[in-house]
Amino acid sequence: MRFWILLQRDVLVAWRKKSNIYQPLVFQLLIVTMFPLGLGAGAQTLQKIAPAVVWILALISTLITLENIFKDDYEDGSLALYTLSGMSLPVAVIAKAAAHWLTTGLPVIIFAPVIAVLLHLPASAYGILMLSLLIATPIFSLLGTVGSALIMNLKNGGMLLSVLIMPLLAPVLIFGAGAVLETTLGNTPVGHITLLAGCFVLSLTLAPLAAAAAIKVNLE
Amino acid sequence: MRFWILLQRDVLVAWRKKSNIYQPLVFQLLIVTMFPLGLGAGAQTLQKIAPAVVWILALISTLITLENIFKDDYEDGSLALYTLSGMSLPVAVIAKAAAHWLTTGLPVIIFAPVIAVLLHLPASAYGILMLSLLIATPIFSLLGTVGSALIMNLKNGGMLLSVLIMPLLAPVLIFGAGAVLETTLGNTPVGHITLLAGCFVLSLTLAPLAAAAAIKVNLE
Amino acid sequence: MQSTILHISHAQCQKGGEPLFAPVDLVLQPGEMAVVAGNNGSGKTTLLEAVAGLGSFCQGGIHFAPDNNRDSWLQHSHYIGHSLGNKASLTCLENLHFAATINGIRTNEQQLSDGLAQVGLHGYEYHYANDLSAGQKKRLSLSRLLLLNKTFWLLDEPFVNLDQTGCDWLFDCISKHISQGGAALLTAHDNKRIHQQADHFIQLQRP
Amino acid sequence: MQSTILHISHAQCQKGGEPLFAPVDLVLQPGEMAVVAGNNGSGKTTLLEAVAGLGSFCQGGIHFAPDNNRDSWLQHSHYIGHSLGNKASLTCLENLHFAATINGIRTNEQQLSDGLAQVGLHGYEYHYANDLSAGQKKRLSLSRLLLLNKTFWLLDEPFVNLDQTGCDWLFDCISKHISQGGAALLTAHDNKRIHQQADHFIQLQRP
Amino acid sequence: MNKIVKFYHEMGSPPSFYRITGHWLKPLLILALLLTVYGLIDGLFFAPPDYQQGDSYRIMFVHVPAAWMSMFIYFIIGVSGIIAFVWRMKVAEAVMMASAPIGALFTALTLLTGMLWGKPMWGTYWDWDARMTSELILLFLYIGVMGIYSAYDDDPRKAARLAALVAIIGLINLPIIRYSVEWWTSIHQGASISIMGGNSGIKEWSMLRPLLVMALATKFYYLYSMLHRARSYLLRTEQNKSWVSKQFIEN
Ligand code: HEM
Ligand SMILES: Nc1ncnc2c1ncn2[C@@H]1O[C@H](COP(=O)(O)OP(=O)(O)OP(=O)(O)O)[C@@H](O)[C@H]1O
Ligand SMILES: Nc1ncnc2c1ncn2[C@@H]1O[C@H](COP(=O)(O)OP(=O)(O)OP(=O)(O)O)[C@@H](O)[C@H]1O
Ligand SMILES: [Mg+2]
Ligand SMILES: [Mg+2]
């Protein structure tokens, strides 16, 4: 019940500011349009870099929303409400991560085909693009809670957060973009997807513990 | 005197959190690292997209710092201190923009060659890369003040801000990345640079007025 | 309500590496009220947060009878500090509903509306917490106290920003809680009346 | 100090499209103090912000004699509201220095330290504003009043979070300012004494 | 055996750690200096030129030891991070935070010398091969540890605990990065990086000798510099403990 109410509250808060949800997408769209502008190049180059760009965009647009997962709650005092309610901290972390995924990861996945079309990604790779994002975006959210918990009482922690979690995300990016790339090259992406799934399992088990530890230290 | 004290204060505030200054650079480095990771390709493709990527990075890393130009001041009430001090608002805006440029634009310029090396940009283009960034980063800061003033009392305005000012920045990006691209292709970049300089003059004259107007409206 | 007892024994908190106040001792039983007093910056907030579980002691500490179990202490206490714990973009009703549910209390809308009406927020059920005045925000956070039904209330300057009727209401509310077997540990610069009512009076002194 | 006079004539403010209070009239001359009273949520903060220049009236308005010049009004007034205007990552000294210079006042370090000492922040010169307690933050923002030497003080709940000595000091400080030809427009739920001293008393009523 | 246990306990308490390591500093510094001078002279003047690379390979005598150190030190940081987080040992915190900048320095040095070497070898300063990329990410890990510590500079204990947490996470992640990056490039690249194909290239003793000497020298330098920093870290964080003031009276 506590899990659900926390999840529900967070989704509601994000929903209230609808801009939170649609603006990452607009942001993506803008950068995607900038690429051809800056490149001055034709479809050839675009197509080559498409898997990487779609992926990096998904990453960046979640990255910049991570900071506030705990920070907002810390500042308005509502973090105390659930940490002092006796609720298990790792469970709270999973609820926060789930809400974050629902409000940022899911829209990114749904929007990915649009970006893919704009970047001339071969249609054969759409399925695997969506699948890999589906596995990877929860990882972003989970690892994001760790970073966000580490910096929650810093005034300007956003950048530090990127530095902290980027090394964690590098493997995800390699496997995810790799899967799409392999598909465009006509190879099987099974290996990459399996590794991605492994990353997911690992972060689902470890990230809540790490984030909970960080919150505890921060509240000491 | 008021101009200087405002400038000085803002630089000091940024300096206090040194992370504010070095972390945009690390952030750039991160995304630069992500590109090859996602691309999985050799120097060939990288070199082609290098001008665009260097530029988009400079843009993104200033973009994510824009939100707080006025927001922080609004929230802690110190915006009232200088808007109610009788100081001319456009002058205040220029001071804020200058401080922002000193603490984010300048580091980006100094750091640009490193990014350029990592992306295999031809050495012949370094000079023009630095020059174009030198003209363009102040434009980012100036236009940024307009965006920041528009969204200062929104809770989650960061994305909205990007959407608001991206269209303004698109020409800057086209001319800037264009100048670098031309150089790598062996053409003269003079035309692009002149247009860039034009953008600079335009934003120096208009942006402070627009930002001041936005602040006035927001305080009414 | 259960007969938990809070022992604060020889406790000190630190900020920036130095202890803030001379060691503090207190035994707080249900049915009692303790007031922490001291000048600005003497460490009242720091002490309250440490007791609530949001900070730590550098010396001594707290102990909850019968079992020294952090979880059971959390189940029996509620802290309202300088930051009030309202989510700006939720309505008053939603804020209260969340606070209740996360503390494991099932409520229906009627109960929640009644809770808001008790603190004078009748008619503000569907207003966002962000759009309230300073005093109304305070009232919203205080409405949690009545609903959550905890034994120990830890209140940091609860009277701040309340108007005259609000202060009177809160005073009565605390008295009633005490007389019904609750306990309260609070600070209040601006309410001398409650200082006189206190069973325990802790004056924080330089170490 | 110059003999500016503040006229508030038949003024009303709105929030969410509806006027908050019945029209307000006031003529405030140097040497006078006015208190705005009203329940929580009656619109005191909204009124004060509009007078300071941070908001607007929906009906009526304000007028500054002799010349109805916004700039000269800004030069003669200083507003301290619920958000205090301290930069968290600057030290107390730097905060005060900025506030003085931006208001066109040259100061040296000695004057600034004295200013801080007057509000009881001696020894906190090089502490970051972020690391102060709630009352100390309030004191830091109040220290601006003495240094800036403005005629009109607009203070929203200035006594909040101050301890007993702090309240006494602020009370004396305001009285002295008035007796020296200054003027103050303030709200204070928690200080009845200042209500009695007020030359003008504005009770905000439902429209 | 008893002696070892006693030594272990002594190293765990800040005052005796401070006292004991005080005696080590000078010898360590002298050793480091002597070995560096010897290693550099040997490497730069006496080792024979490489039949393929000519003299430019001599940068190896800095590059390779620095690369080894960059990884070794992160390992130390991770382990002391675990100790610091689980047992809250102050000395472990000191070792961890003292090691971080040195490790970052060696990492930067590796990158720098590698880049300088890459220009004559491959005609480019940088290529995205597995080693380089994972070394760059290692630099991020270092920056992360130091960044989180300096962000919480007002509360050193908390800062150290959070930094330890970051270090531990990095320690778990390091092999994953290493593996994934290796695997990633091995698919699309290959030939261009086989130059760095492991120790098998260096068979001659006269080439190996300066390399090993330099490896030893960097270890000693690390020990010296780390202890030095750890000691001043302890002084700083324990400044109002009695043993610190006694230390100042003695000096
Ligand atoms: C920025 C560029 C470079 C980076 C980041 C880098 C990084 C590294 C690292 C991390 C190691 C240690 C590997 C290990 O022991 O597992 C290493 C070893 C080595 N590097 Fe580099 N390197 C770079 C460029 C170069 C270049 C250009 C060459 C020469 C052509 C080179 C030659 C070597 C050799 C011979 C070793 C020793 C191999 C071994 O002992 O396994 N490196 N480098
Ligand atoms: N991060 C910090 N670093 C150093 N000192 C701090 C820090 N935070 C608070 N302090 C100091 O700790 C002291 C106690 O603060 P605290 O907020 O507990 O006081 P308080 O008794 O609640 O005061 P008030 O009545 O003003 O609310 C203050 O003197 C403050 O300057
Ligand atoms: N953005 C808004 N939209 C709608 N109503 C608002 C908004 N902001 C404030 N209000 C309402 O305006 C009223 C006046 O608020 P104001 O802050 O001026 O009250 P106040 O007299 O200062 O109260 P307090 O004594 O609690 O400080 C409140 O009833 C509040 O609910
Ligand atoms: Mg307090
Ligand atoms: Mg108010």
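Engineer: What's the story with the overall build of chain A in this structure? I'm lost.
Structural biologist: Counting its secondary structure elements, chain A contains nine helices and zero strands. The order of α-helices and β-strands along chain A, N terminus first, is α-α-α-α-α-α-α-α-α. Here the C-alpha radius of gyration of chain A, 18 Å, is about what a compact globule of 220 residues would show, namely 17 Å. When the backbone C-alpha atoms are referred to their principal axes, chain A occupies close to 55 × 35 × 30 Å. When the 220 residues of chain A are sorted by exposure, 66% land in the buried category. Look at the contacts in chain A between residues 6 or more apart in sequence, and 80% of them connect residues 24 or more apart. Here chain A has roughly 6,800 Å² of accessible surface; of this, 71% comes from carbon and sulfur atoms. Taking the average place of the 10 positive charges on the side chains of chain A and the average place of its 8 negative ones, the gap between the two points comes to 5 Å.

Engineer: Explain the relation of the copies chain B and chain A here, please?
Structural biologist: Related by rotation about an axis and a shift along that axis, the two copies of the chain form a pair. Overlaying chain B on chain A yields an RMSD of 0.2 Å, the required transformation being a rotation through 179 degrees with an accompanying axial translation of 0.1 Å. Between the two chains, the operation in question is that of a two-fold axis. In terms of proximity to the rotation axis, the leading residue of chain B is Thr-45 of chain B, whose C-alpha is 3.7 Å off the axis.

Engineer: Sorry if this is basic, but what is going on with the interface of chain B and chain A here?
Structural biologist: Accessible area lost when the parts come together is the quantity often used to give the size of an interface. Contacts between the two partners involve 40 residues from chain B and, on the opposite side, 41 residues from chain A. Contributions of two or more residues to the side of chain B that touches chain A are made by helix 2 (18–39), helix 3 (43–66), helix 4 (68–76) and helix 8 (158–184) of chain B. The leading source of residues in the side of chain B that touches chain A is helix 2 of chain B, at 13 residues. Among the residues forming the side of chain B that touches chain A, the class breakdown is 26 nonpolar, 10 polar and four charged.

Engineer: Would you mind going over the pairing of strand 5 (residues 33–37) of chain D with me for this structure?
Structural biologist: One face of the sheet, then the other: side chains in a regular strand alternate in exactly this way. Residues and elements named next belong to chain D. Counting buried residues in strand 5 gives five out of five residues, a clear majority hidden from the surface. As judged from the three bridges shared by strand 5 and strand 9 (residues 183–187), these two strands associate in the parallel manner. Bridged to Ala-34 within strand 9 is Leu-185. Here strand 5 runs beside strand 10 (residues 200–203); their pairing, made up of four bridges, is parallel. Residue pairing across strands places Val-35 opposite Phe-201, the latter belonging to strand 10.

Engineer: Mind showing me how you'd approach the site of ligand 2 here?
Structural biologist: Residues in contact with ligand 2 amount to 21 residues; listed here are only the nearest, Lys-44, Thr-45 and Thr-46 of chain C together with Ser-133 and Gly-135 of chain D. Residue neighbours of ligand 2 fall on chains C, D and E, so the site bridges chains. Here an oxygen atom of ligand 2 and a side-chain polar atom of Thr-46 of chain C are 2.4 Å apart. At 2.6 Å from an oxygen atom of ligand 2 is found a side-chain nitrogen or oxygen belonging to Ser-133 of chain D. Computed on the free molecule, ligand 2 has an accessible area of 650 Å², of which 89% lies beneath the protein chains in the complex. Residues of the shell around ligand 2, tallied by class, amount to four nonpolar, 13 polar and four charged.

Engineer: How should the interface of chain E and chain B be read in this particular structure?
Structural biologist: Taken together, the contact pairs 16 residues of chain E with 15 residues of chain B. Overall, the association of chain E and chain B removes approximately 1,300 Å² of surface from exposure, summing both partners, and the carbon and sulfur fraction of that is 75%. Ranking the residues of chain E by area buried against chain B places Trp-128, Phe-140 and Trp-184 of chain E at the top, with a combined share of 46%. Applying the counting criterion to the chain E and chain B interface returns zero salt bridges. Linking chain E with chain B are three residue pairs in polar contact (both at pLDDT 80 or more). For the side of chain E that touches chain B, the secondary structure elements donating two or more residues are helix 6 (130–151) and helix 7 (156–188) of chain E. Among the elements that make up the side of chain E that touches chain B, the one with the highest residue count is helix 6 of chain E (seven residues). Class assignment of the residues belonging to the side of chain E that touches chain B gives a composition of nine nonpolar, six polar and one charged.

Engineer: I keep staring at the packing of aromatic side chains and nothing clicks. Help me out?
Structural biologist: This structure, assessed with the given rule, holds 13 aromatic pairs over all chains. For the pair Trp-55 of chain A and Phe-140 of chain A, a centre-to-centre distance of 6.2 Å together with 90 degrees between the ring planes defines the contact as edge-to-face. Here Phe-140 of chain A lies in helix 7 (residues 126–150) and Trp-55 of chain A lies in helix 3 (residues 43–66), a separation of 85 residues in the sequence. Seen in terms of ring centroids, Trp-73 of chain C and Phe-152 of chain C are 5.0 Å apart; in terms of plane orientation they differ by 55 degrees. Their pairing is tilted. With Trp-73 of chain C in helix 2 (residues 70–76) and Phe-152 of chain C in strand 8 (residues 152–156), this pair connects stretches of sequence that are 79 residues apart.

Engineer: Explain the domain arrangement of chain C to me, please; I cannot follow it from the model alone.
Structural biologist: All names here are of chain C. For chain C, the assigned domains are domain 1 (1–76 + 150–207) and domain 2 (85–149). The gap between the C-alpha centroids of domain 1 and domain 2 is 23 Å. Of the roughly 1,100 Å² buried between domain 1 and domain 2, counting both surfaces, carbon and sulfur atoms make up 66%. We note a salt bridge from Asp-163 to Arg-139, for which the minimum N-O separation is 2.8 Å. The tally of links from domain 1 across to domain 2 stands at five residue pairs in polar contact (both at pLDDT 80 or more). Residue assignment for the side of domain 1 that touches domain 2 shows that the elements contributing at least two residues are strand 8 and helix 6 (164–179). No other element matches helix 6, which puts five residues into the side of domain 1 that touches domain 2. Residue composition of the side of domain 1 that touches domain 2, by class: nine nonpolar, four polar and four charged.

Engineer: What is the right way to read the coordination of the magnesium ion (ligand 5) from this model?
Structural biologist: For a metal bound by four donors in a tetrahedral arrangement, the ideal donor-metal-donor angle is 109.5 degrees, while six donors in an octahedral arrangement ideally sit at 90 or 180 degrees. Here the magnesium ion (ligand 5) is held by the protein donor atoms Thr-45 of chain D (OG1) and His-82 of chain D (NE2), which lie 1.9 to 2.5 Å from it. Of this pair, Thr-45 of chain D sits in helix 1 (residues 44–52) while His-82 of chain D is found in the loop between strand 7 (77–80) and helix 3 (92–102), placing the two residues 37 residues apart along the sequence.

Engineer: What am I meant to see in the sheet that holds strand 6 (residues 59–65) of chain C here?
Structural biologist: Sheet strands associate in pairs through backbone hydrogen bonding, adopting either a parallel or an antiparallel arrangement. Residues and elements named next belong to chain C. Read from one edge to the other, the open sheet built from three strands follows the order 4-1-6, with strand pairing classed as antiparallel. Strand pairing shows two members of the sheet lacking a second neighbour, strand 4 (24–28) and strand 6, which therefore form its edges. Across this sheet, the average inter-strand angle for adjacent strands is 0 degrees, counted without regard to direction. The pairing of strand 1 (residues 5–12) with strand 4 spans four bridges and is antiparallel. When the sheet's bridge partners are listed, Leu-6 is paired in strand 4 with Leu-28.

Engineer: Hey, could you run me through the arrangement of the chains in this one?
Structural biologist: The assembly contains eight pairs of chains in contact; the pair sharing the most contacts is chains A and B. No interface is formed between chain A and chain D, the nearest pair of C-alpha atoms being 9 Å apart.

Engineer: Whenever I open this one, the packing of helix 8 (residues 158–184) of chain A against helix 6 of chain E confuses me. Can you help?
Structural biologist: Relative orientation and spacing of two packed helices are given, respectively, by the angle between their axes and the distance between those axes. Between helix 8 of chain A and helix 6 of chain E, the shortest axis-to-axis distance is 9 Å and the interhelical angle comes to 145 degrees. Note on packing geometry: the crossing formed by helix 8 of chain A with helix 6 of chain E is left-handed. Residues Leu-160, Val-163, Leu-164, Met-166, Pro-167 and Ala-170 of chain A of helix 8 of chain A pack against Ile-137, Phe-140, Leu-141, Ile-143, Gly-144, Gly-147, Ile-148 and Ala-151 of chain E of helix 6 of chain E. When its residues are assigned to classes, the contact of helix 8 of chain A with helix 6 of chain E shows 12 nonpolar, two polar and no charged.

Engineer: How should the sheet that holds strand 5 (residues 33–37) of chain C be read in this particular structure?
Structural biologist: All names here are of chain C. Strands sit in the order 7-8-9-5-10 across an open sheet of five strands; the sheet is parallel. The strands lining the two open edges of the sheet, one partner per strand, are strand 7 (77–80) and strand 10 (200–203). Along the sheet, successive strands turn relative to each other by an average axial angle of 10 degrees, direction set aside. In this structure, strand 8 lies alongside strand 9 (residues 183–187), joined through five bridges in parallel fashion. Considered in strand 9, the bridge of Trp-153 is made with Ala-184. Its contacts with the sheet put helix 1 (residues 44–52) on strand 5, strand 7, strand 8 and strand 9, and the angle it makes with strand 8 is roughly 150 degrees.

Engineer: Sorry, what's going on with the site of ligand 3 here?
Structural biologist: Around ligand 3, a shell composed of 20 residues is seen, among which Ser-133 and Gly-135 of chain C together with Lys-44, Thr-45 and Thr-46 of chain D lie nearest. Looking at what sits near ligand 3, you find residues from chains C and D. Residue Ser-42 of chain D places a main-chain N or O atom 3.4 Å away from an oxygen atom belonging to ligand 3. Separating an oxygen atom of ligand 3 from a backbone N or O atom of Lys-44 of chain D is a distance of 2.7 Å. About the coverage of ligand 3: the protein hides 86% of its 640 Å² of free accessible area. Secondary structure elements with two or more residues in the shell around ligand 3: helix 5 (134–148) of chain C together with helix 1 of chain D. Looking at the shell around ligand 3, its residues break down into four nonpolar, 13 polar and three charged.

Engineer: Which parts of the structure should I look at to understand the nonpolar core?
Structural biologist: A general trend in soluble globular proteins is that nonpolar side chains are found buried together. Ranked by size, the top nonpolar core spans 303 residues in total, and within it Trp-55 of chain A, Trp-55 of chain B, Val-51 of chain C, Leu-185 of chain D together with Ile-148 of chain E carry the most contacts. Looking at this core element by element, the count peaks at 17 residues for helix 8 of chain A.

Rules and cut-offs
Residues numbered from 1 in each chain as written. Chains lettered and ligands numbered in written order. Predicted model: local features only at pLDDT ≥ 70, side-chain atom pairs only at ≥ 80, totals over all residues. Heavy atoms only, no water. Helix = DSSP H or I, 4+ residues; strand = E, 2+ residues; numbered from the N terminus. Rg over C-alpha atoms; globule rule 2.2 N^0.38 Å. Buried < 20%, exposed > 50% of the residue type's maximum accessible area, 1.4 Å probe, protein only. Contact = heavy atoms within 4.5 Å. Areas by Shrake-Rupley, 256 points an atom, 1.4 Å probe, with all protein chains shown as cover. Lys, Arg positive; Asp, Glu negative; His and termini not counted. Charge placed at Lys NZ, Arg CZ, Asp CG, Glu CD. Least-squares fit on C-alpha atoms with pLDDT ≥ 70 in both. Nonpolar A, V, L, I, M, F, W, Y, C, P; charged D, E, K, R; others polar. Pairing = 2+ DSSP bridges. Near = heavy atom within 4 Å. Polar contact = N/O pair within 3.5 Å; in protein donor to acceptor, adjacent residues only side chain to side chain. Buried area = accessible area lost by both parts, 1.4 Å probe. Salt bridge = Lys/Arg side-chain N within 4 Å of Asp/Glu carboxyl O. Phe/Tyr/Trp six-rings, centres within 6.5 Å; stacked < 30°, edge-to-face > 60°. Domains from an automatic or database assignment. Donors = N, O, S within 2.8 Å, 3.2 Å for Na, K, Ca; no water. Axes fitted to C-alpha atoms, helices over the stretch in contact; angles between N-to-C directions. Left-handed = near helix turned anticlockwise from the far one by under 90°. Core = buried A, V, L, I, M, F, W, Y, C linked by side-chain atoms within 4.5 Å.

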